[in-house]
There are 2 protein chains.
Amino acid sequence: MIYDIAVLGAGPAGTSAAVNAAILEKSVIWLGAGMEKTDTARAEKIRNYIGVPDVNGMELSRAFSEHAKMFGLVPSDETVTGVYKGEDGFTVLAGENSYETRSVILAVGMKGAKSAEGEEKFVGRGISYCATCDGFLYKGKTVGVFVDDKKFENEAAFLCSIAKFAYVFPMYRDCGLKGDNVEIVMKKPRAFEGGARLEKVVFDGGARKVDGMFLLRRALPFSALAPGLELIDGHVRAGRDMSTSVVGLFAAGDCTGRPYQIAKAVGEGNVAAHSAVEYVDSMRG
Amino acid sequence: MIYDIAVLGAGPAGTSAAVNAAILEKSVIWLGAGMEKTDTARAEKIRNYIGVPDVNGMELSRAFSEHAKMFGLVPSDETVTGVYKGEDGFTVLAGENSYETRSVILAVGMKGAKSAEGEEKFVGRGISYCATCDGFLYKGKTVGVFVDDKKFENEAAFLCSIAKFAYVFPMYRDCGLKGDNVEIVMKKPRAFEGGARLEKVVFDGGARKVDGMFLLRRALPFSALAPGLELIDGHVRAGRDMSTSVVGLFAAGDCTGRPYQIAKAVGEGNVAAHSAVEYVDSMRG
């Protein structure tokens, strides 16, 4: 099936967008980890989301999630690895699935926004975001694997199993990966270097030679996520109607700029949903 | 005293702006009739302000008002008749008072946005928004008085008492004004006509010759409210940071454009407050 609207992200902006899209009777595919995994959920106290005074982050997060559930909306916790525009809409790659959609609302926050030095240069030339997609290219070779969430360990383990040698950079403790051909490096990759192709991953205090580097992250940099998306000061450039430089792709929440506020995100999610609905309706003529 | 921020309007945008400005420790003067008088309050059901599911308009309005009261914020129900920029800030005329403020957040909705045909042309040349300010100019003359809320009847009565003849256009039933020199016209003025000065008020099915016309309204058209404010398609032109063409004046809510949504208004009120705070801080160096 082809969805009307794909909402990427399940924080305040994504939740607001998904709820509004559903109320406006559009079919929605919603991808994201959910409110309970956001910074909002970790806030000690939230005083300025009017109508819900003096609440803590987890309480407000649960209220948002419950609100969405009333419309049958639960986000699918799949990591989006690419948003590609075709003739009639978009293909969204997420986890091991691919979704067809007429429009996209990007509400992915700012966590993954920043790419490491050299990252953009080597995407497709040594850098990959998907082990199952590109792993076979590195069979018997030396790879680096950046893992920022334990849930990606299966993918990382697959890479370790086919590579000659794997340097694993986990961003959490108790990494379960091991093997004679595995070295765990408890550092964050800072830069990627090479010539025509990636040759080296650099971190504070060292570097390793690699043939390929897999970045298994909960969120991708905007540049990798949606090719062609215009940025401004590191944020997605959006108009007052939340449209972006990619026709049919709208943005909402922290990814569009400061202030990083729940109310701003919720408002922009609402506006993005209205704009996406208008866009989808106009496509149908 | 000079306030940091004057918030004009007490709907969802104004309430959000006032609460955020107070949390950010700025001094606030808040002018508006209050949430209970808004269209939001009359909504049968509101389903898309996330976190507060399945609520009716009055319930949500009261929750917003209560939230503001927690910060000691209660709007002063005075009608703003002008926002004038000076060297160090703004003078806001409201009711019979005048307030000095470093910045302004315009959150007045769209109710008063549209001026009648010819209105702008004759402001200051026969058209006035304030009986106590300009009434004396029409002593012994013929005036028209448009009254859109019973609360302005005192002002209208004053005009009737000094005018030779008064045509009163009330927008409600049971108008209490009468007298030998008063004609009640149950029509809405559609246009104002004249040469160098106003000469005639036109309504469906008739017209009356007048020397002056008083428009006593809960909300003024943007053009009358804040001279110099740039509009776009009948709305206040605002940037992503809610700044307008007047430096130090920010806008939020319905007045900045569609969709006319509570969440959008609340989000924009939040952003406008942050921008106004930044502006005020930058003024102080």
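See the structure printed just above.
Here's a quick rundown of the structure.

**A look at the packing of aromatic side chains**
Next up, step 1: Considering all chains together, one arrives at 13 aromatic pairs over all chains under this definition.
Next up, step 2: Here the aromatic rings of Tyr 3 of chain A and Tyr 99 of chain A are separated by 6.4 Å at their centres, their planes lie at 65°, and the arrangement is edge-to-face. Residue Tyr 3 of chain A is located in strand S1 (residues 2-8), and its partner Tyr 99 of chain A is located in strand S5 (residues 97-106); the two are separated by 96 residues in the primary sequence.
Next up, step 3: Residue classification places Tyr 99 of chain A among the buried residues on the basis of a relative accessible area of 13%.
Next up, step 4: Every member of this aromatic cluster is reached through a ring pair, and the members are Tyr 49 and Phe 64 of chain A together with Tyr 49 and Phe 64 of chain B.

**Topic: the relation of the copies chain A and chain B**
Next up, step 1: Of the transformation placing chain A onto chain B, the axial shift is 0.0 Å and the rotation is 180°, giving an RMSD of 0.1 Å. On this basis, the relationship between the two copies can be described by a two-fold rotation axis. Using C-alpha coordinates, one finds that chain A approaches the rotation axis most closely at Gly 267 of chain A, a distance of 2.3 Å.
Next up, step 2: Interface residue correspondence from chain A to chain B reaches 100%, placing this contact among same-surface, isologous pairings.

**Details of the sheet that holds strand S11 (residues 198-203) of chain A**
Residue and element names in this part refer to chain A.
Next up, step 1: Spatial ordering of the open sheet is given by S10-S11-S12, a layout of three strands whose pairing is antiparallel. Either end of the sheet is taken by a strand with one partner, and the two such strands are strand S10 (189-194) and strand S12 (206-209). Taking the axes of each pair of neighbouring strands and ignoring which way they run, one obtains an average angle of 25° across the sheet.
Next up, step 2: Two strands pair when backbone bridges link them, and S11 and S12 are joined in this way by four bridges, in the antiparallel orientation. Bridged to Phe 203 within S12 is Gly 206.

**Regarding the packing of helix H1 (residues 12-23) of chain B against helix H8 (residues 262-283) of chain B**
All names here are of chain B.
Next up, step 1: At their nearest, the axes of H1 and H8 sit 7 Å apart, and the two run at 35° to each other. Between H1 and H8 lies a crossing whose hand is right-handed. For the pair H1 and H8, the contacting residues are Pro 12, Ala 13, Ser 16, Ala 17, Asn 20 and Ala 21 in the first and Ile 262, Ala 265, Val 266, Gly 269, Asn 270, Ala 273 and His 274 in the second.
Next up, step 2: Within the contact of H1 with H8, the residues separate by chemical class into eight nonpolar, five polar and no charged.

**Regarding the interface of chain A and chain B**
Next up, step 1: In this complex, chain A contributes 34 residues to the contact, which on the side of chain B involves 34 residues.
Next up, step 2: In this structure, the connection of chain A to chain B is made through two salt bridges.
Next up, step 3: Across the salt bridge formed by Glu 268 of chain A and Arg 240 of chain B, the nearest N and O atoms sit 3.2 Å from each other.
Next up, step 4: Across the chain A-chain B interface, the total number found is 18 residue pairs in polar contact (both at pLDDT 80 or more).
Next up, step 5: The leading source of residues in the side of chain A that touches chain B is helix H8 (residues 262-283) of chain A, at eight residues.

**A few points about the side chain of Gln 261 of chain B**
Next up, step 1: Counting through the fold element by element, Gln 261 of chain B comes out in the loop between strand S16 (249-251) and H8.
Next up, step 2: A relative accessible area of 17% places Gln 261 of chain B in the buried class.
Next up, step 3: A polar contact is formed between the side chain of Gln 261 of chain B and the side chain of His 274 of chain A, at a distance of 3.4 Å.
Next up, step 4: Those residues in contact with Gln 261 of chain B that sit more than four places away from it in its chain are Asn 20, Asn 270 and His 274 of chain A together with Asn 48 and Asp 254 of chain B.

**As for the state of the cysteines**
Residues and elements named next belong to chain A.
Next up, step 1: Applying the stated criterion across every chain yields a total of two disulfides over all chains.
Next up, step 2: In this model Cys 130 forms its disulfide with Cys 133; the gap between the sulfur atoms is 2.1 Å. Residues Cys 130 and Cys 133 are joined through a disulfide that is right-handed, its torsion about the S-S bond being 70°.
Next up, step 3: Residue classification places Cys 133 among the partly exposed residues on the basis of a relative accessible area of 38%.

**Thoughts on the sheet that holds strand S9 (residues 182-184) of chain A**
All names here are of chain A.
Next up, step 1: The five strands lie next to each other as S6-S13-S7-S8-S9, forming an open sheet whose pairing is parallel. What marks the edges here is a single partner per strand, and that holds for strand S6 (127-128) and S9.
Next up, step 2: Strand direction decides the pairing type here: strand S8 (residues 165-170) and S9, joined by three bridges, are parallel. Across the sheet, Val 168 pairs through a bridge with Ile 184, a residue of S9.
Next up, step 3: The sheet strands contacting helix H6 (residues 153-162) are strand S7 (142-147), S8, S9 and strand S13 (212-216), and the helix crosses S7 at an angle near 170°.

Definitions and cut-offs
Here, residues in each chain are numbered from 1, in the same order as that chain's written sequence. Following the order in which they are written, the chains are lettered starting with A and the ligands numbered starting with 1. Side-chain atom pairs in this predicted model are given and counted only at pLDDT of 80 or more, local residue features only at pLDDT of at least 70, and totals for whole chains, interfaces and linings cover all residues. To get the side-chain values, all heavy atoms of the structure are used, and hydrogens and water are removed first. Aromatic rings from Phe, Tyr and Trp, taking only the six-membered ring of Trp, are treated as a pair when their centres fall within 6.5 Å; an angle between ring planes under 30 degrees marks them as stacked, one over 60 as edge-to-face, and anything in between as tilted. Labels follow the DSSP assignment, with helices taken as runs of H or I lasting at least four residues and strands as runs of E lasting at least two, numbered in each case from the N terminus. Exposure is judged per residue with a 1.4 Å probe applied to protein chains only, and the accessible area is read against the type maximum: over 50% gives exposed, under 20% gives buried, and values in between give partly exposed. Only residues with pLDDT of at least 70 in both copies count here: their C-alpha atoms drive the least-squares fit that superposes the copies. In this analysis, two residues are considered to be in contact whenever any of their non-hydrogen atoms come within 4.5 Å of each other. Each pair of strands is called paired provided DSSP finds at least two bridges between the two strands. Orientation is described by axes fitted as lines to C-alpha atoms, over the contacting stretch for helices, and by angles from 0 to 180 degrees between their N-to-C directions. Two helices cross in a left-handed way if the nearer one is turned anticlockwise from the farther one by less than a right angle. They cross in a right-handed way if the turn is clockwise. The classification used treats Ala, Val, Leu, Ile, Met, Phe, Trp, Tyr, Cys and Pro as nonpolar, Asp, Glu, Lys and Arg as charged, and all other residues, Gly among them, as polar. Salt bridge criterion: a side-chain nitrogen from Lys or Arg within 4 Å of a carboxyl oxygen from Asp or Glu. Any pair of N or O atoms that falls within 3.5 Å is considered a polar contact. Within protein, one atom must be able to donate a hydrogen and the other to accept it, and sequence-neighbouring residues count only if both atoms are side-chain atoms. For the purposes of this analysis, a disulfide is any pair of cysteine sulfur atoms at a distance within 2.5 Å.

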